[in-house]
Amino acid sequence: MILRCVDSPFSKQHVPISSGNLLWTLSFSNTNVKHKTPLVLLHGFGGGVGLWAQNLDALSQNRHVFTLDLLGFGQSSRPQFSSDAQEAEDQFVESIEQWRAKMGLESMILLGHNLGGYLAVSYSIKYPGRVKHIVLVEPWGFPERPDTEEADRPIPMWIKALGAMFSPFNPLASLRVVGPLGPTLVQTLRPDFKRKFSTMFTDNTVSDYIYHLNVQTPSGETAFKTMTVPYGWAKRPMLHRMDQLEPDIPITIIYGSRSSVDSCSGITIKEMRPRSHVEIITIRGAGHYVYADQPEDFNHRVLQACDKVD
């Protein structure tokens, strides 16, 4: 349903990887640009391929575009992840590498939102020869948790409330607890999602999609919880590992001007990589879901960044 407004032709398939797992994949192939490096989109926590609905047509005009449901999310397999943060992260990374090999992609532009951004860098550290450019969109998991609540940027109240409510559970447990009322809960808690996609849908397609993504057996969600400390900070902050990323891999970082995600990490990355290409872009009027809040501006900026890659 959520893909019904996408005009470009595409194929969809479950791509087999190890241990009998499958990764749900959309492929947008443009026969005129076979020589160009493909763009691969990695969604964030609790997301899926459908949330790129307002971006796929524009981004696939000049090169092949692939987007997949991360292992443990959406319509991909939901295996049991390790209870160790590093091992869980490695499981995500290896699933992306196995997917790449199965798809026959020599190299990629990796674009990741939220958790997808964290995994894009983790993947690029391990497999630098496979990545031509990284685009981080409101990335999660880069700074470490502040030592005190009196830190310069206080933890927003809504994060504290969610942290307290969800700490014994997986983050999306309440969706499963309320059962059939789940779609209504999504509409109530996140009415903004309906607004974000209002040019495409006047009904509850988006909130229904988000509900169905997250009402299934928790898997990637449990792995994400393993990778966090209270209030959603990363147990293994990516800023600590940026020095392991090859200096010749360019990075574009996109933030929304209205987001509660701190853009200081982007500035820190730029300072840590003085001999590398690091571009920081702020999109006005956008929150954390930049690609849905201001899709035209987002698409234009991503295409500009990708133009630098053959």
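Residues numbered from 1 in each chain as written. Predicted model: local features only at pLDDT ≥ 70, side-chain atom pairs only at ≥ 80, totals over all residues. Heavy atoms only, no water.

**Student:** Outline the nonpolar core, supporting the account with residue identities and numerical values.
**Tutor:** Ranked by size, the top nonpolar core spans 48 residues in total, and within it V40, W99, L115, I134, M242 and I269 carry the most contacts. Going through the elements one at a time, β3 (39–42), β4 (65–68), α2 (85–103), β5 (108–113), α3 (115–126), β6 (131–137), α9 (220–226) and β9 (251–256) are the ones with two or more residues in this core. By residue number, the principal contributor to this core is α3, which donates seven residues. What W99 contacts, discounting residues up to four positions off in sequence, is V15, I17, L23, T25, V40, F66, L68, L105 and M108. Formed by 38 residues, the second largest nonpolar core is a distinct cluster that contains L56, Y209, I210 and I283. (Core = buried A, V, L, I, M, F, W, Y, C linked by side-chain atoms within 4.5 Å. Buried < 20%, exposed > 50% of the residue type's maximum accessible area, 1.4 Å probe, protein only. Helix = DSSP H or I, 4+ residues; strand = E, 2+ residues; numbered from the N terminus. Contact = heavy atoms within 4.5 Å.)

**Student:** Go over helix α8 (residues 205–214) with me, naming the residues and quoting the values.
**Tutor:** Burial within α8 is extensive, with eight of its ten residues counted as buried. For α8, the full list of buried residues reads T205, V206, S207, Y209, I210, Y211, L213 and N214.

**Student:** So, the pairing of strand β1 (residues 11–16): which residues are in play, and what are the values?
**Tutor:** Bridge analysis of β1 against strand β2 (residues 22–28) gives six bridges, and the strand direction is antiparallel. When the sheet's bridge partners are listed, S11 is paired in β2 with S27. Turn length for the β1-β2 hairpin, with the two strands adjacent in sequence and antiparallel, is five residues, and the turn residue S19 shows positive phi of about 60 degrees. (Pairing = 2+ DSSP bridges.)

**Student:** Explain the pattern of salt bridges to me, and be specific about the residues and the numbers.
**Tutor:** For side chains bearing opposite charge, pairing can occur when the charged atoms are close. Taken as a whole and judged by the stated rule, the model has seven salt bridges. Note that K308 is salt-bridged to E279, the shortest N-O span being 3.9 Å. Of this pair, K308 sits in the segment after α12 (295–306) while E279 sits in strand β10 (residues 278–283), and the two are 29 residues apart along the sequence. Note on E279: relative accessible area 28%, which makes it partly exposed. In the salt-bridge network here, residues are joined through shared partners; they are E89, R236 and R241. (Salt bridge = Lys/Arg side-chain N within 4 Å of Asp/Glu carboxyl O.)

**Student:** If you had to explain unusual backbone geometry to someone new, which residues and values would you point to?
**Tutor:** For S19, which is not glycine, the phi torsion reads 60 degrees and is therefore positive. Summarising the element assignment, S19 is placed in the loop between β1 and β2. S19 gets classed as exposed once you look at its relative accessible area, which sits at 73%. In this structure, N114 is a non-glycine residue whose phi angle is positive, near 60 degrees. Turning to its location among the elements, N114 is positioned in the loop between β5 and α3.

**Student:** Explain the sheet that holds β5 residue by residue, including any values.
**Tutor:** Taken in spatial order, the eight strands make up an open sheet running β1-β2-β4-β3-β5-β6-β9-β10, and their pairing is mixed. Unpaired on one side and paired on the other, β1 and β10 mark the two borders of the sheet. Across this sheet, the average inter-strand angle for adjacent strands is 20 degrees, counted without regard to direction. Pairing of β2 with β4 involves four bridges; the strand directions are antiparallel. Within β4, the residue paired with S27 across the bridge is F66. Packed onto the sheet, α3 meets β3, β5 and β6 and runs at close to 145 degrees relative to β5. (Axes fitted to C-alpha atoms, helices over the stretch in contact; angles between N-to-C directions.)

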